[in-house]
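# Chain and residue survey
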Amino acid sequence: MTLLQINSFAAGAWVTPNAGARPIENAVTGEVMAEAGNDSLDVAGMLYHARKVGGPNLRKLTFHDRARMLKALAAHLDKYKQALYDLSFATGATQADHLIDIDGGIGTMFVFASKGRREMPDGHVYIDGEVEQLSRNGTFLGQHICTSMQGVAVHINAFNFPVWGMLEKLAPTLLAGVPAIVKPATATCYVTELAVRLMLDSGILPEGALQLVSGGIGDMLDRLTLQDMVSFTGSAQTALKLRSNPHILKNSIRFVAEQDSLNASILGPDAGPDTPEFDLFIKEVQREMTAKAGQKCTAIRRILAPESHVEAVIDALSDRLSKTVIGDPSNPKTRMGALVSGAQKRDVLAKAAIIGTEATQVYGNNDFHDHKGAFLTPMVFHCENPDSAERVHDTEAFGPVSTVMGYRDLSHAIRLVNKGQGSLVASVITQDPAVAREVVLGAGAYHGRLYFNNRDSMKESTGHGSPLPHMVHGGPGRAGGGEELGGVRGVMHYMQRTAIQGSPDILTAIGGTWVDGAIEKPAPAHPFTRTFHEVQIGETIHTDPRIITRDDIEHFADFTGDTFYAHMDEDAAMRNPFFPGRVAHGYLLLSFAAGLFVEPNEGPVLANTGLDSLRFMKPVQAGDTIKVRLTVKMKTPRNEEYGEVRWHVTLTNQDAEKVAEYELLTMNAYMR
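Residues numbered from 1 in each chain as written. Predicted model: local features only at pLDDT ≥ 70, side-chain atom pairs only at ≥ 80, totals over all residues. Heavy atoms only, no water.

### Section: the overall build of the protein
Helix and strand content of the protein: 20 helices and 29 strands. C-alpha extents for the protein along the principal axes are approximately 90 × 60 × 45 Å. Here the protein, with 672 residues, has 55% of them falling under the buried criterion. A separation of at least 24 residues holds for 72% of the contacts in the protein among residues at least 6 apart in sequence. (Helix = DSSP H or I, 4+ residues; strand = E, 2+ residues; numbered from the N terminus. Buried < 20%, exposed > 50% of the residue type's maximum accessible area, 1.4 Å probe, protein only. Contact = heavy atoms within 4.5 Å.)

Shown next, in the form of structure tokens:
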């Protein structure tokens, strides 16, 4: 049988394995199927290529350009996912597992592409938070911004998700404008290599944006700079070794880790055997034990149930596990495939034996003899004394192994779940909101994610073990202390947050967003008559004033039904500490403001889609006047036909005092 030669991609060229290559076995047959590794790989050249070619090429693009690039990459991979499926069977993964890894990875890229377009500007500077007024008159201001790091991201990934594990790191990295060097675990790197080839062959990525190390990275970590960063997924032991690298410590190089996690699931005290929640709990545990043969960083390792329900949980879980078809993952009837390798199987059995010193095995015959590959049956243990036990709370058998333990009351369950000393996720199956709140207050600090499910949400919930790109993925303590995903939060790991201070004009020029107090550009025509591309940041009109009358207030109250006493009863309004007497409705002022600045004729403005940050700052009484300043604050392209214009709207009275302020959103056409 011809061995697959798994290449690296370095400085724009594919590099074949050499004498230092490691063998890779087929998880299903146990036979060596490939080799990967090159101990003479030019890692210095790879870093130089990323920093001097990939980085500048990416930073030329705006956030929206990069988001469109991610969408195109995801769409391209989606066309070829069958090839990735076919190759992934050799990892021991079933078709259902492929949907988690391959479809999940592609879906993650689509989400980041969407968030990049919707939540980030079409520019190169991301504004983080509101403007801070640092002086009395507003001539000296502060703001936090984020810009792209000017180095390279080194991604060291685990074996269990060769596609998702790469793409969930790669998407926010590229969106941030940073090139990546991807180093997958050797055991499954052949799947990652195919995904990288597909992306590179598409021609979508700029040169230098993506490189691949199949095998060891040599002394790459010793060559990193303060502009570089490392993102690691794997064992706590390996994470400690890497993050303790003297060069990384000396230079304060960013290092994020997602590592061992003794995740737990709690059956709520309200969820007895006759409830939908009990059935849901058993289903969730069984799924997390068997998906990817239990080789998931988010899998349920500890099962917590009320002491009175422990026996029922063991019986129901054992019955469900007994119906799980184990075997060749390419067979559509198979529900659990093999572990990734014989070495991994031996490691799981060794760790299960350690757990067995404190718990009794109540399900599983451990080995699975129908195939030569790395197959195991699910193993369930029962720990009768979880308070005194230690190994069940600190030993992760990274496979289909989990331990049941009973709790006396909810506070006891919280203490037990926290004995894992930090996890990626803990779940609670309960119909009682009070239970959920108590768990959050008692256990939230120990877990990166808390997943609650019950009869109301179970039809649409995504599952205990599913990290979603919208939510942070990571956890404290044993779980590594890092965060990934989380939408734009994940992008920030690859950017530098900088506090800038200066005048409104300086902040406007840096952030590409008009700041109150900056220069106002006279509009050559009413801005509502100008297309998205014609209208300019800072373009401003000032309206004529309008007098507010008592008839206006009373007509608005009668027409809308809003007869709140502050608008209708002089004496009652005067007793209110906020008002000097009867005042105009806030929404009356907004309506009049729109009437003052609107251009009624058909034009480029297609729709008013809402307003943000509305504040009423000073009451307006009958006899007062208002006028409006309308300024173009920000522009964001939305599709091929129109973009969003964000307008800063300020209402002032006859004494030039602000009475209201908000941001108006409109969709403006690109063409007339």
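### Side note on helix 20 (residues 586–597)
Relative to the 16 Å expected for 12 residues at 1.5 Å per residue, helix 20 spans 17 Å between its end C-alpha atoms, a close match to the ideal helical length. Three or more residues of helix 20 are buried, namely Gly586, Leu588, Leu589, Leu590, Phe592, Ala593 and Phe597. (Expected span 1.5 Å × (residues − 1).)

### Considerations on empty space enclosed by the protein
According to the stated counting rule, one finds 2 cavities of 30 Å³ or more in the structure shown. In this structure, the largest cavity occupies an estimated 50 Å³ of space. Looking at the largest cavity, the residues that line it are Leu262, Arg301, Ile355, Val392, Thr395, Glu396, Ala397, Val401 and Thr403. Considered class by class, the residues forming the lining of the largest cavity number 5 nonpolar, 2 polar and 2 charged. (1 Å grid on protein atoms, 1.4 Å probe; cavity = no way out; pocket = protein on both sides within 12 Å on 5 of 7 lines; lining within 4 Å. Points joined across faces, edges and corners; volume = space filled by probe spheres on them. Nonpolar A, V, L, I, M, F, W, Y, C, P; charged D, E, K, R; others polar.)

### Some words on the sheet that holds strand 17 (residues 401–407)
Taken together, 7 strands build an open sheet; the order of strands is 15-16-17-14-13-18-19 and the sheet is mixed. At either end of the open sheet lies a strand with only one pairing partner, and these are strand 15 (360–363) and strand 19 (450–453). Neighbour-to-neighbour, the strand axes of the sheet open up by a mean angle of 25°, direction not taken into account. Across 3 bridges, the pairing between strand 13 (residues 264–267) and strand 14 (residues 302–306) is parallel. Note that in strand 14 the partner of alanine 264 across the bridge is arginine 302. Its contacts with the sheet place helix 11 (residues 342–355) against strand 16 (379–383) and strand 17, and it is angled at close to 20° to strand 16. Seen against the sheet, helix 13 (residues 410–418) touches strand 13, strand 14, strand 17 and strand 18 (426–429) and runs at an angle of roughly 150° to strand 17. (Pairing = 2+ DSSP bridges. Axes fitted to C-alpha atoms, helices over the stretch in contact; angles between N-to-C directions.)

### A closer look at the environment of methionine 574
Residue placement: methionine 574 occurs in helix 19 (residues 570–575). Counting along the chain gives 196 residues from methionine 574 to proline 378, while the straight-line C-alpha distance between them is 73 Å. In contact with methionine 574, not counting residues within four places along its chain, are Phe579, Pro580 and Gly581.

### A closer look at the nonpolar core
In terms of nonpolar packing, the biggest core is built from 58 residues, with Leu174 and Met199 touching the most fellow members. Ranked by the residues each element gives to this core, the list is headed by helix 5 (residues 164–176), at 8 residues. With residues up to four places along the chain from it excluded, the contact list for leucine 174 reads Leu58, Arg66, Met69, Leu70, Leu73, Leu205 and Ala209. Counting 36 residues, the second-largest nonpolar core is a separate cluster that includes Val28, Met336, Ala359 and Met405. (Core = buried A, V, L, I, M, F, W, Y, C linked by side-chain atoms within 4.5 Å.)

### Observations concerning the pairing of strand 9 (residues 180–183)
The side-chain alternation of strand 9 yields two buried faces, one formed by Ala180 and Val182 and the other by Ile181 and Lys183. Note: strand 8 (residues 153–156) against strand 9, 4 bridges, orientation parallel. Pairing of valine 154 across the sheet is with isoleucine 181, part of strand 9. Summarising the sheet, strand 9 and strand 10 (residues 210–212) pair through 3 bridges and their orientation is parallel. Bridge pairing in strand 10 places isoleucine 181 opposite glutamine 211.

### A short note on the packing of aromatic side chains
All chains considered together, the criterion is met by 8 aromatic pairs. Pairing phenylalanine 528 with phenylalanine 597 gives two aromatic rings, centres 6.0 Å apart and planes at 75°, and the pair type is edge-to-face. In this pair, phenylalanine 528 is assigned in the loop between strand 23 (521–522) and strand 24 (539–542) and phenylalanine 597 in helix 20, connecting sequence segments 69 residues apart. Across the pair, exposure class does not vary: phenylalanine 528 and phenylalanine 597 are buried alike. Where phenylalanine 564 meets tyrosine 565, the ring centres are 4.6 Å apart and the plane angle is 45°; that geometry is what we call tilted. One aromatic cluster is present, formed by Phe528, Phe597 and Trp647 through successive ring pairs. Over the aromatic face of phenylalanine 592 sits the side chain of arginine 546, whose NZ or CZ is 3.6 Å from the ring centroid. (Phe/Tyr/Trp six-rings, centres within 6.5 Å; stacked < 30°, edge-to-face > 60°. Lys NZ or Arg CZ within 6 Å of the ring centre and 35° of its normal.)

### Here we look at the environment of arginine 629
Mapped onto the elements of the fold, arginine 629 is located in strand 27 (residues 625–637). Given a relative accessible area of 14%, arginine 629 falls into the buried group. Along the backbone, arginine 629 and glutamine 536 are 93 residues apart, and their C-alpha atoms lie at a distance of 15 Å.

### Notes on the pattern of salt bridges
Under the counting rule described, the total for this entry stands at 31 salt bridges. A salt bridge links aspartate 103 to lysine 81; its shortest N-O distance comes to 3.0 Å. Placement of the pair is aspartate 103 in helix 4 (residues 95–119) and lysine 81 in helix 3 (residues 81–88), with a sequence separation of 22 residues. Residue lysine 81 is classed as partly exposed on the basis of its relative accessible area of 22%. Close ionic contact of arginine 646 with glutamate 663 constitutes a salt bridge, the shortest N to O distance being 2.6 Å. (Salt bridge = Lys/Arg side-chain N within 4 Å of Asp/Glu carboxyl O.)

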